[in-house]
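Tertiary structure, described
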Amino acid sequence: MLEPSHNDELPAIPGKRYFTIGEVSDLCDVKPHVLRYWEQEFPQLKPVKRRGNRRYYQRQDVLMIRQIRSLLYDQGFTIGGARQQLTGGANAEQATQYHQLIKQMIVELEDVLDVLKAS
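For every chain, the first residue of the written sequence is number 1, and numbering continues from 1 along that sequence. Selection of residues for local features in this predicted model requires a pLDDT of at least 70, selection of side-chain atom pairs for listing and counting requires 80 or more, and totals for whole chains, interfaces and linings are taken over all residues. Derived side-chain values reflect all non-hydrogen atoms in the structure, with water molecules and hydrogen atoms excluded from consideration.

An unreviewed UniProt entry lists the chain under the name Transcriptional regulator, with Alcanivorax hongdengensis A-11-3 given as the organism.

The structure is reproduced here in structure tokens:
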């Protein structure tokens, strides 16, 4: 399975609709120039481009970047191997994204619970 081990240490994804390249860089612990390179190498990454060619990533893009990061940095895949893993394992990819979303929801619900307990 494509379980990202280091992604547990990354910050929680805020409940926003769009993220700038700088925000995604911080959320995924990857430099902006690496993100731009990955856009060329992985067809799954297609951030919305607005005025001035500014990139705006959505939550699924952030999850995909975290998955790519895990494949390359944690699991030792090459760019080609990671690309093949992502295209060949569509069901595993979806399962991993759902798993990450569920983890994120649990963290957010625990935060809400802490706020309610403090009230």
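1. Let's talk about unusual backbone geometry
Note the threshold: Every helix listed is a DSSP run of H or I at least four residues long, and every strand listed is a run of E at least two residues long, numbered separately from the N terminus. Burial status follows relative accessibility: with a 1.4 Å probe on protein chains alone, a residue under 20% of its type maximum counts as buried, one over 50% as exposed, and anything between as partly exposed.
You will see that Asp29, though not glycine, has its phi angle at about 55°, which is positive. Mapping Asp29 onto the fold places it in the loop between helix H1 (21-28) and helix H2 (32-41). Residue classification places Asp29 among the partly exposed positions, given a relative accessible area of 47%.

2. Topic: the nonpolar core
Cut-off, in case you're wondering: Residues grouped as a nonpolar core are buried Ala, Val, Leu, Ile, Met, Phe, Trp, Tyr and Cys residues, joined through side-chain atoms within 4.5 Å. By definition in these notes, contact holds between two residues if any of their heavy atoms fall within 4.5 Å.
If you look at the biggest cluster of nonpolar residues, it comprises 22 residues, and the most contacted ones within it are Val24, Cys28, Leu35, Trp38, Val62, Ile65 and Ile68. Breaking this core down by element, the ones donating at least two residues are H1, H2, helix H3 (59-74) and helix H4 (79-88). Element by element, the count of residues in this core is highest for H3, at seven residues. Leave out the neighbours within four places in its chain, and Trp38 touches Val30, Leu45, Ile65, Ile68, Arg69, Leu72, Tyr73 and Ile79.

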